Amino acid sequence: MYGRVVAVTVLGVGGHLVTVEAFVGRGLPSLVFTGLPGASVNDARDRVRPAVESVGLEWPLRRVVVNLAPASLRKDGPGLDLPVAVGVLVATRQVPSAAVVGYAFAGELSLKGELLPTPGILSVAIAAARAGLNGVVIPAANALEAAQIGSLRIVGAATLAEVAGFLRGTWHPPAVDPAVAAYAEASKVDLEEVRGQAQARRALEVAAAGGHNMLMVGPPGAGKTMLARRLATILPELSREEALEATQLHSVAGLLRERGVLTSRPFRAPHHSISLAGLLGGGSTSLRPGEVSLAHHGVLFLDELTEFRRDALEGLRQPLEDGRVVVTRAAGSVEFPARFTLVAAANPCPCGFDGDQRKHCRCRLDRLELYRQKLSGPLLDRIDLRLRVPRLTKQELLGSERGERSDIVRDRVREARERQRHRFASIGVTCNAHLAGPLVRRHARLTGHAEELLASAVETLALTGRGFDRALKVARTVADLAGASDIEVDHLAEALSYREGFGEGSVARAG
Amino acid sequence: MPEPVEEAFAPTGWPDGFAGTLEERRAAAVLASLRGISPRKLHRLCWREGSASRALAAVRAGREGSEADREHALATSGAAVIEATTAAGARFVTPHDQEYPGSVLELDDPPVALFVRGARIDVAEVRVAVVGARRCSSLGGEIARDLGRRLGSAGVCVVSGAAYGVDASSHRGALDAGGRTIAVLGSGIDVGYPRSSADLIARIAQAGSVVSEYAPGVPAEPHRFPARNRIVVALSSALVVVEGAAPSGSRISVDHALDLGREVFAVPGPVTSPLAEVPLALIRDGATMIRGADDLLEDLGITVPGHDRHPDPPIDLPEDEHRVWTSLAEPSLPDAVARAAVLTLPDAVAALIRLELRGLVRSTGGRYERTLSGGADVPGV
């Protein structure tokens with residue numbers, strides 16, 4: 001009375017193969033787990049039996065022991081419901097044991113025996129393909145994401161009865177077309193819709209072209225959110241690998257619903273009240289990817305940057321630096337990829353109207369100082385582009401033109417990125433923003449005039465070492481957009497216009 | 001408590017012999033260190049009692065002033081106050097002293113004594129108060145600095161309150177020009193407030209004078225600033241208001257100036273600018289409009305070798321910078337500049353930054369505007 005089924009448990013974002021053994025022997029009717037089951041697996045104990053009985057299959061009135069191997073690996077997630085149920089069906093000879101060979105099983109069961117949408121199925125499929133299995137048996141709702149892995153046979157079942165039917169050869173799963181129901185998260189927005197704010201639109205283009213992070217400082221109603229949302233639309237299209245990586249994270253987080261692969265870059269805009277675990281990943285029972293990982297290969301927008309918890313902002317340093325987060329809990333430590341473009345927005349002062357043309361800022365100076373101190377330091381150092389986004393007057397709005405279409409801008413961005421890839425092919429860097437200190441100076445060659453301008457900027461604007469590097473990186477991107485091999489004086493000058501978000505209309509320089 | 005009728009009037013100045021002896025002087029020092037009694041009440045009390053010693057006795061007896069004043073007056077010796085003043089590098093100046101300026105006596109609530117650091121303040125000179133918003137615009141700061149500079153080089157002493165913004169800029173301008181300037185503090189003479197102005201105050205103490213009616217150690221508190229303004233105005237023969245948003249300290253200074261018969265000047269701004277609200281209202285009420293230092297000096301009857309305003313870029317500019325500069329009639333968005341100068345946005349931005357590096361243009365909250373001075377000839381802006 002023994003059955004054996006392959007399952008996959010998802011740790012962080014990666015799937016790990018688990019062998020589920022079921023043994024039905026003498027003893028009082030019970031279900032016992034061994035082999036380091038997590039809390040959510042223990043939950044399955046009371047769920048699996050009703051599911052089996054609800055669909056007309058038989059649950060043995062004997063002692064059932066389910067072992068999860070390897071015992072050294074902690075197993076978590078509701079996806080183990082289905083393999084446990086199938087293991088028992090094999091052990092009780094209700095389905096042929098040969099039929100389960102070559103398949104991995106994953107899915108959460110309801111008491112009625114339905115297979116519910118389950119997080120992390122894409123990771124399951126990837127692990128199964130990597131292990132050389134033939135196919136996966138998963139909830140029908142997750143079939144589209146699993147179908148992204150072309151080498152696998154996808155068995156998407158809606159109920160446990162269908163799974164049993166498949167194993168007995170009496171039910172045949174519908175074919176899945178991986179191309180349908182692609183997952184485009186961002187609602188259809190376009191840069192074209194932005195009227196005015198030409199400099200901010202240009203800054204978005206530069207940010208996209210060089211992979212630079214960006215800070216917009218401006219009063220409420222200036223359009224910061226509207227602008228940030230459109231950055232995702234001018235970044236180069238996701239490559240197949242990038243799309244799969246991003247989709248995997250969304251799948252693990254359970255956000256995929258019944259959709260397939262991400263087709264547009266994610267745009268995540270968490271509220272400033274978000275918890276540390278929500279932003280960076282974690283959670284008390286299972287480790288979930290945070291917003292930084294959901295924004296992987298896309299845009300993370302933090303509005304009201306100064307309102308975020310200090311530790312959350314500090315925590316952004318690792319992903320900004322390494323493109324990943326390591327989350328450590330008692331349950332273990334997992335790593336999530338988190339390579340995103342950060343767009344931050346902040347009011348210029350607590351009341352929001354510092355530097356405004358029509359409304360006078362009445363913030364007390366000491367509060368203003370405190371406010372700005374919140375944003376100083378390590379996080380700001382990793383933001384190359386900073387600009388003021390003023391509230392436009394009616395005349396300015398009427399007098400200004402609409403933006404270019406996103407796809408036109410994206411073409412320029414793609415070309416600029418291509419130049420960078422070519423230039424950096426030997427050093428393993430993909431874009432200007434990722435250049436480290438000494439590399440910046442090597443790869444950002446200036447023309448003679450630009451050298452002169454830089455020298456005068458260092459003196460007049462009191463550029464720090466970091467400010468200097470930032471200006472060079474951004475100038476390199478502006479030159480890439482212009483198709484220039486060396487940085488010319490106008491490229492550098494434009495880069496210098498993106499150097500400070502705060503500091504104007506303020507007292508500090510008035511004296 | 002309603003004030004007794006006989007106290008409603010007090011003569012200007014101080015009773016004969018007030019603070020004239022050592023004992024009187026020490027009594028005045030204690031009176032000057034009281035915090036609970038207003039200068040006006042103290043002035044009347046001194047007239048009623050006829051001397052500083054008797055006024056102090058009244059406070060110590062609890063007949064006048066708050067309970068805290070009584071305790072303070074009993075616990076404090078005048079000698080200690082004067083000693084602390086000396087230790088802070090300041091002089092204790094009573095109405096009996098030569099240095100106590102006659103113009104301050106015109107106040108109907110003159111300070112019972114002044115604490116002074118730096119040069120004597122009884123020298124014969126023309127003094128002009130320059131006041132305005134603490135949260136001034138960059139342009140306002142620049143105008144104040146220019147006024148300070150021009151007044152300074154014309155030999156006019158600039159009086160202000162050492163606060164942020166217009167105050168600090170006008171002091172700095174006077175110092176730039178090597179001129180004299182007087183800072184009147186709203187805190188004890190040894191308290192550098194605001195902190196960011198501590199260095200400035202130290203420099204003023206070297207090159208000019210720092211004045212306060214508050215004894216050493218008195219912290220800066222909001223209610224002291226309006227009171228400080230009356231001394232700023234009393235020390236000066238004219239008052240210039242640079243920028244101010246509706247309810248502001250500048251308004252209080254203007255009221256003092258009108259009470260004392262000082263002339264009031266105001267620098268206008270755009271009717272849409274909240275910071276132009278006070279100056280424009282003053283002009284409408286009859287203050288003299290000045291466009292800058294030239295107008296002011298002319299109205300004060302002081303002639304100085306004329307400075308031109310700066311309608312043209314002061315140096316030979318490259319073509320695109322020239323076009324951009326010329327198109328900057330008002331604070332403008334970069335795209336508006338690009339349209340007016342017929343340039344692409346990146347080129348216009350680049351030109352703006354090059355102009356900024358030359359000191360001809362600056363950005364304020366995302367818009368660009370011309371600087372006042374034309375840049376190159378102005379140190380330290």
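Predicted model only: the values in this text are computed from it and were never measured.

Draft legend 1. Representation of the sheet that holds strand β2 (residues 14–25) of chain A in the model. Residues and elements named next belong to chain A. Strand order in this open sheet of seven strands is β3-β4-β2-β1-β5-β8-β9, and the pairing throughout is mixed. Looking at which strands have only one partner, the edges of the open sheet turn out to be β3 (30–34) and β9 (153–157). For this sheet, the mean inter-axis angle between neighbouring strands, taken without regard to orientation, is 30°. Two strands pair when backbone bridges link them, and strand β8 (residues 135–139) and β9 are joined in this way by five bridges, in the parallel orientation. Of the residues in β9, the one forming a bridge with Val137 is Val155. Where helix α3 (residues 81–91) meets the sheet, its contacts fall on β1 (2–11), β2, β3, β4 (63–69), β5 (103–105) and β8, and the angle it forms with β1 comes to roughly 170°. Sitting on the sheet, helix α6 (residues 160–168) touches β5, β8 and β9, and the angle it makes with β9 is about 140°.

Draft legend 2. Seen up close, unusual backbone geometry. All names here are of chain A. Here the residue pair Ala69 and Pro70 is connected by a cis peptide bond, since its omega of 0° sits within 30 degrees of zero. If you trace the backbone, Pro70 turns up in the loop between β4 and α3. At Leu36, a residue that is not glycine, the phi angle is positive and equals roughly 55°. Position of Leu36 relative to the elements: it lies in the loop between β3 and α1 (39–43). Even without being glycine, Arg93 reaches a positive phi, approximately 60°. In this structure, Arg93 sits in the loop between α3 and β5. Owing to a relative accessible area of 56%, Arg93 belongs among the exposed residues under this scheme.

Draft legend 3. Main features of the packing of helix α7 (residues 166–176) of chain B against helix α8 (residues 198–207) of chain B. Residue and element names in this part refer to chain B. Interhelical geometry of α7 versus α8 gives an angle of 40° and a closest axis separation of 11 Å. With respect to α8, the element α7 is oriented oblique. Like other packed secondary-structure pairs, α7 and α8 cross with a definite hand, here left-handed. Along the contact surface, α7 presents Ala168, His171, Arg172 and Leu175, while α8 presents Leu200, Arg203, Ile204 and Ala207. Partitioning the contact of α7 with α8 into residue classes produces five nonpolar, one polar and two charged.

Draft legend 4. Spatial organisation of the side chain of B:Thr94. Mapped onto the fold, B:Thr94 is located in the loop between β1 (91–93) and β2 (114–118). Each residue touching B:Thr94, except ones within four places of it in the same chain, is listed here: B:Ala19, B:Arg25, B:Ala28, B:Tyr100, B:Val112 and B:Ala113.

Draft legend 5. Expanded view of the interface of chain B and chain A. Across the contact, 39 residues belong to chain B and 44 residues belong to chain A. A combined buried area of about 3400 Å² lies between chain B and chain A, and 56% of that area is made up of carbon and sulfur atoms. Broken down residue by residue, the surface that chain B buries against chain A is led by B:Arg135, B:Leu357 and B:Arg367, which jointly contribute 23%. On inspection of chain B and its partner chain A, the count reaches four salt bridges.

Draft legend 6. Expanded view of the packing of helix α9 (residues 224–234) of chain B against helix α10 (residues 249–260) of chain B. All names here are of chain B. As a packed pair, α9 and α10 sit with axes 9 Å apart at the nearest point and diverge in direction by 45°. In terms of orientation, α9 and α10 fall into the oblique class. The element α9 and its partner α10 pack so that their crossing is right-handed. Within the contact between the two elements, α9 uses Pro226, Asn229, Arg230, Val233 and Ala234 and α10 uses Gly249, Ile252, Ser253, His256, Ala257 and Leu260.

Draft legend 7. Main features of the environment of A:Trp171. Residues and elements named next belong to chain A. Checked against the element boundaries, Trp171 lands in the loop between α6 and α7 (198–210). Sequence separation between Trp171 and Leu57 is 114 residues; the distance between their C-alpha atoms is 15 Å. Residue contacts for Trp171: discarding those within four places in its chain leaves Val155, Gly156, Ala157, Glu162, Gly165 and Phe166.

Draft legend 8. Here's a closer look at the nonpolar core. By size, the foremost hydrophobic cluster in this structure holds 76 residues, and its most contacted members are A:Met214, A:Met216, A:Leu231, A:Leu496 and B:Val324. Per element, the largest residue contribution to this core is nine residues, and it comes from helix α15 (residues 345–357) of chain B. The contact partners of A:Met216, leaving out residues within four places of it in the chain, are A:Lys224, A:Leu227, A:Ala228, A:Val343, A:Ala344, A:Ala345, A:Ala346, A:Leu387 and A:Val389. B:Val112, B:Ile189, B:Ala215 and B:Val278 belong to the second-largest nonpolar core, a separate cluster that totals 70 residues.

Draft legend 9. The arrangement of the environment of B:Leu258 in detail. As for its position among the elements, B:Leu258 is in helix α10. Considered as a pair, B:Leu258 and B:Glu71 are 187 residues apart in the sequence and their alpha carbons are 37 Å apart.

Draft legend 10. View of α8(B). Residues and elements named next belong to chain B. Taken together, the buried positions of α8 are Leu200, Ile201, Ile204 and Ala205. Taken end-on, α8 shows its buried residues confined to a sector of 140°, consistent with a single buried face. Residues Asp199 and Gln206 are exposed on α8 and point more than 90 degrees away from its buried face. Of the surrounding elements, those touching the buried residues of α8 are β2, α7, β5 (181–184) and β6 (209–212).

Draft legend 11. Expanded view of the side chain of A:Ser123. Residues and elements named next belong to chain A. Within the fold, Ser123 resides in helix α4 (residues 121–130). With a relative accessible area of 1%, Ser123 lands in the buried category. There is a polar contact of 3.1 Å between the side chain of Ser123 and the side chain of Gln248. If near-sequence neighbours (up to four positions away) are discounted, Ser123 is found in contact with Val10, Val13, Gly15, Gln248 and Val252.

Draft legend 12. Spotlight on the environment of A:Gly211. Residue and element names in this part refer to chain A. With respect to the helices, strands and loops of the structure, Gly211 is situated in the loop between α7 and β10 (214–217). Residue class for Gly211 comes out buried when judged on its relative accessible area of 12%. Separated by 115 residues in the primary sequence, Gly211 and Val326 place their C-alpha atoms 22 Å from one another. In this view, Gly211 contacts Arg417, Cys431 and Ala433; residues no more than four positions away in its chain are not counted.

Cut-offs and rules
Residues numbered from 1 in each chain as written. Chains lettered and ligands numbered in written order. Predicted model: local features only at pLDDT ≥ 70, side-chain atom pairs only at ≥ 80, totals over all residues. Heavy atoms only, no water. Pairing = 2+ DSSP bridges. Helix = DSSP H or I, 4+ residues; strand = E, 2+ residues; numbered from the N terminus. Axes fitted to C-alpha atoms, helices over the stretch in contact; angles between N-to-C directions. Contact = heavy atoms within 4.5 Å. Buried < 20%, exposed > 50% of the residue type's maximum accessible area, 1.4 Å probe, protein only. Parallel < 35°, antiparallel > 145°, perpendicular 65-115°, else oblique. Left-handed = near helix turned anticlockwise from the far one by under 90°. Nonpolar A, V, L, I, M, F, W, Y, C, P; charged D, E, K, R; others polar. Buried area = accessible area lost by both parts, 1.4 Å probe. Salt bridge = Lys/Arg side-chain N within 4 Å of Asp/Glu carboxyl O. Core = buried A, V, L, I, M, F, W, Y, C linked by side-chain atoms within 4.5 Å. Arc of directions from axis to C-beta. Polar contact = N/O pair within 3.5 Å; in protein donor to acceptor, adjacent residues only side chain to side chain.

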